[in-house]
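Understanding the architecture of this molecule
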Amino acid sequence: QVQLVESGGGVVQPGTSLRLSCAASGFSFNTYAMHWVRQPPGKGLEWVAFIWSDGLHDYYGDSVKGRFTISRDNSKSIVYLQMNNLRAEDTAVYYCGGDPPQSGWALHIWGQGTTVTVSS
Amino acid sequence: QSVLTQPPSASGAPGQRVSISCSGSSSNIGRNTVNWYRQLPGTAPKLLLSNNDQRPSGVPDRISGSKSGTSASLAISGLQSEDEADYYCAAWDSSLEAVVFGGGTKLTVL
């Protein structure tokens, strides 16, 4: 079935790095743009980044620009989020989302989320 | 402070119709389509409407959307207890080159 499964979350110290993965199945991954969206505890959704279906272009939210990098491996149907220089305010549940062609940046498919906690 | 503005809360009795607004600007809602998501407690968000008013498969037709100028709205008619959730609007912002979300609206079914 159509599925996104995130992994790689955990508890890390400020200033360190973490890489999240999101494995896709059940749909044509290489035709979908892919996004990361996060949700701090008790707060609303915050868009983090997205990457085109061919991986040639990527875009970031201001709060993560220069620290986070989104990438994808279409041969493995996986999208990654490399997070460097982590801060306490990066603590959140991180969701990946699939955005099909011509959908107007609508995330039709969501993963279950992976939790990142940045704390000393 | 979110780029898109939503009321923090809304409510209605079972069977009633409720509307949630989403206000933006010329660089986001004024130029691009709006998407709406529903999030039940402890679960991932789910797409309710894309391209202002398009319902994905499985979303009932008592849920509708509209857009005018730099504002959009989500309407739910025939309110049911299972509609109690958080609702978010989102759109591409052409100036920021980013997806922007509203702060979310918590819908309570009385």
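The coordinates are above.
Rules of the game
Residues numbered from 1 in each chain as written. Chains lettered and ligands numbered in written order. Predicted model: local features only at pLDDT ≥ 70, side-chain atom pairs only at ≥ 80, totals over all residues. Heavy atoms only, no water. Helix = DSSP H or I, 4+ residues; strand = E, 2+ residues; numbered from the N terminus. Rg over C-alpha atoms; globule rule 2.2 N^0.38 Å. Contact = heavy atoms within 4.5 Å. Buried area = accessible area lost by both parts, 1.4 Å probe. Salt bridge = Lys/Arg side-chain N within 4 Å of Asp/Glu carboxyl O. Polar contact = N/O pair within 3.5 Å; in protein donor to acceptor, adjacent residues only side chain to side chain. Nonpolar A, V, L, I, M, F, W, Y, C, P; charged D, E, K, R; others polar. Core = buried A, V, L, I, M, F, W, Y, C linked by side-chain atoms within 4.5 Å. Buried < 20%, exposed > 50% of the residue type's maximum accessible area, 1.4 Å probe, protein only. Phe/Tyr/Trp six-rings, centres within 6.5 Å; stacked < 30°, edge-to-face > 60°. Lys NZ or Arg CZ within 6 Å of the ring centre and 35° of its normal.

Points about the overall build of chain A
- What chain A contains, in helices and strands, is 0 helices and 11 strands.
- Listing the helices and strands of chain A from first to last along the sequence gives β-β-β-β-β-β-β-β-β-β-β.
- Here the C-alpha atoms of chain A give a radius of gyration of 13 Å, agreeing with the 14 Å that 2.2 N^0.38 yields for 120 residues.
- Taken along the three principal axes of its C-alpha coordinates, chain A extends 40 × 25 × 25 Å.

Re the interface of chain B and chain A
- Residue-level contacts link 18 residues of chain B with 21 residues of chain A.
- Summing both sides of the interface, chain B and chain A together bury roughly 1,600 Å²; the carbon and sulfur share of this comes to 64%.
- Joining chain B to chain A, the criterion identifies 0 salt bridges.
- Taken together, the links from chain B to chain A amount to 5 residue pairs in polar contact (both at pLDDT 80 or more).
- Looking at the side of chain B that touches chain A, the elements that each hand over two or more residues are strand E3 (34-39), strand E7 (85-93) and strand E8 (98-101) of chain B.
- For the side of chain B that touches chain A, the class distribution of residues is 9 nonpolar, 8 polar and 1 charged.

Section: the nonpolar core
- Counting residues in hydrophobic clusters, the biggest one holds 28 residues, and the most contacted among them are Trp36(A), Val79(A), Leu81(A), Met83(A) and Tyr94(A).
- For this core, the elements supplying multiple residues, two or more each, are strand E3 (18-25), strand E4 (33-39), strand E5 (46-51), strand E7 (68-73), strand E8 (78-83), strand E9 (92-99) and strand E11 (114-118) of chain A.
- Residues Leu48(B), Leu49(B), Val59(B) and Ile63(B) belong to the second largest nonpolar core, which totals 23 residues.

Overview of the pattern of salt bridges
Residues and elements named next belong to chain A.
- Summed over the entire model, instances satisfying the criterion amount to 6 salt bridges over all chains.
- Residues Arg67 and Asp90 are paired through a salt bridge, measuring 2.7 Å at the closest nitrogen-oxygen approach. Here Arg67 is found in the loop between strand E6 (58-60) and E7, whereas its partner Asp90 is found in the loop between E8 and E9, with 23 residues between them in sequence.
- In this structure Arg67 comes out as buried when scored by relative accessible area, which is 7%.
- What makes Asp90 buried here is its relative accessible area of 0%.
- Here the residues in one salt-bridge network are Arg38, Glu46, Arg67 and Asp90, joined through shared partners.

Considering the packing of aromatic side chains
- In total, this model carries 11 aromatic pairs over all chains according to the counting rule given.
- Note on Phe50(A) and Trp92(B): the rings are 5.6 Å apart at their centroids and 85 degrees apart in plane angle, and the pair reads as edge-to-face. In this pair, Phe50(A) sits in strand E5 while Trp92(B) sits in strand E7, so the two residues belong to two different chains. Take Phe50(A) and Trp92(B): they sit in the same class, and that class is buried.
- Relative to Trp92(B), the ring of Tyr59(A) has its centre 5.5 Å away and its plane inclined at 90 degrees; by these criteria the two rings are edge-to-face. You can see Tyr59(A) sitting in strand E6 and its partner Trp92(B) sitting in strand E7, one on each of two chains. Grouping residues by exposure puts Tyr59(A) and Trp92(B) together as buried.
- Among the aromatic residues, those joined into a ring-pair cluster are Trp47(A), Phe50(A), Tyr59(A), Trp105(A) and Trp92(B).
- Geometry around Phe29(A) places Arg72(A) over its ring, the cationic atom sitting 4.3 Å from the centre.

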